[in-house]
Amino acid sequence: MSGVIEAVISLLLVAGGIFVFIGSLGMAHLRDFYMRLHGPTKATTLGIGCMLIASMMYFWSVEGKPDIQEMLITLFLFITAPVSAHLLAKSGLHLRLKHADKTQGKPVELRPEEVGDKPVPHPDKGHG
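All values derive from a computational prediction rather than experimental measurement. (Residues numbered from 1 in each chain as written. Predicted model: local features only at pLDDT ≥ 70, side-chain atom pairs only at ≥ 80, totals over all residues. Heavy atoms only, no water.)

We now examine the overall build of the chain. Across its full length, the chain carries four helices and zero strands. Along the chain, helices (α) and strands (β) appear in the sequence α-α-α-α when read from the amino end. For the chain, contacts bridging at least 24 residues in sequence account for 63% of all contacts bridging at least 6. (Helix = DSSP H or I, 4+ residues; strand = E, 2+ residues; numbered from the N terminus. Contact = heavy atoms within 4.5 Å.)

The following block contains the structure:
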């Protein structure tokens with residue numbers, strides 16, 4: 001394996017580790033649900049993507065043939081993480097989860113028919 005390939009793989013692994021660490025800190029230390037969504041959906045996704053690409057490059061250089069599974073996992077992760085974060089944020093808005101002062105405001109995403117006193121009955125109140 002050439003020194004340049006080793007350097008690129010090492011750089012991707014270190015960058016991936018840093019991104020995962022920052023994303024995990026964000027998820028653990030941010031104040032409310034909406035802020036905590038940013039940690040796993042942005043930084044951690046990029047970190048795991050870097051690690052998977054480094055893995056793909058390593059096995060490609062060792063075995064001599066490309067292994068596309070890591071690239072497919074990375075692509076799937078980059079496609080599904082923003083979609084799931086959007087759905088989680090929309091659910092939080094629908095359930096009227098409490099906001100920190102920094103994230104207060106009237107969300108423009110909600111249509112008038114989605115806004116009510118209590119949009120979803122609570123499961124332990126005997127509904128359903």
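What follows is about the packing of aromatic side chains. Inspection of every chain in the model, using the stated rule, returns two aromatic pairs. For the pair phenylalanine 33 and tyrosine 34, a centre-to-centre distance of 5.5 Å together with 80° between the ring planes defines the contact as edge-to-face. Judged by relative accessible area, phenylalanine 33 falls into the partly exposed class, the value being 29%. (Phe/Tyr/Trp six-rings, centres within 6.5 Å; stacked < 30°, edge-to-face > 60°. Buried < 20%, exposed > 50% of the residue type's maximum accessible area, 1.4 Å probe, protein only.)

What follows covers the packing of helix H3 (residues 38–63) against helix H4 (residues 69–94). Where H3 meets H4, the closest approach of the two axes is 9 Å, and the angle between their N-to-C directions is 175°. One finds that H3 runs roughly antiparallel with respect to H4. Between H3 and H4, the residues in contact are Thr41, Thr45, Leu46, Ile48, Gly49, Leu52, Ile53, Ser55, Met56 and Phe59 and Glu70, Met71, Ile73, Thr74, Leu77, Phe78, Ala81 and Ala85, respectively. For the contact of H3 with H4, the residue count by class is 12 nonpolar, five polar and one charged. (Axes fitted to C-alpha atoms, helices over the stretch in contact; angles between N-to-C directions. Parallel < 35°, antiparallel > 145°, perpendicular 65-115°, else oblique. Nonpolar A, V, L, I, M, F, W, Y, C, P; charged D, E, K, R; others polar.)

Moving on to the confidence of the model for the chain. Mean pLDDT for the chain: 81, with 78% of residues reaching 70 or above. Here helix H2 (residues 33–36) is the element of the chain with the lowest mean pLDDT, 82, and helix H1 (residues 3–29) is the one with the highest, 92. (pLDDT = per-residue confidence, 0-100.)

This paragraph deals with the packing of H1 against H3. Close contact between H1 and H3 brings their axes to 7 Å; oriented N to C, the two are set at 160°. Of the possible angle classes, the one that applies to H1 and H3 is roughly antiparallel. Handedness of the crossing formed by H1 with H3: left-handed. A per-class count over the contact of H1 with H3 returns 18 nonpolar, eight polar and no charged. (Left-handed = near helix turned anticlockwise from the far one by under 90°.)

For aspartate 32, the location among the structural elements is in the loop between H1 and H2. Notably, aspartate 32 is buried but unbridged: the nearest opposite-charge side chain belongs to arginine 36, and the N-O separation is 7.0 Å. Among the polar contacts listed, one links the side chain of aspartate 32 to the backbone nitrogen of methionine 35, at a separation of 3.0 Å. (Lys, Arg positive; Asp, Glu negative; His and termini not counted. Salt bridge = Lys/Arg side-chain N within 4 Å of Asp/Glu carboxyl O. Polar contact = N/O pair within 3.5 Å; in protein donor to acceptor, adjacent residues only side chain to side chain.)

With numbering matched to this structure, UniProt assigns "transmembrane region" (unreviewed entry) to residues 6–30, 42–60 and 72–89. Between the first and last C-alpha atoms of residues 72–89 the distance is 26 Å; the span itself is 100% helix and 0% strand. (UniProt positions renumbered as here; feature names shortened; annotations may be inferred.)

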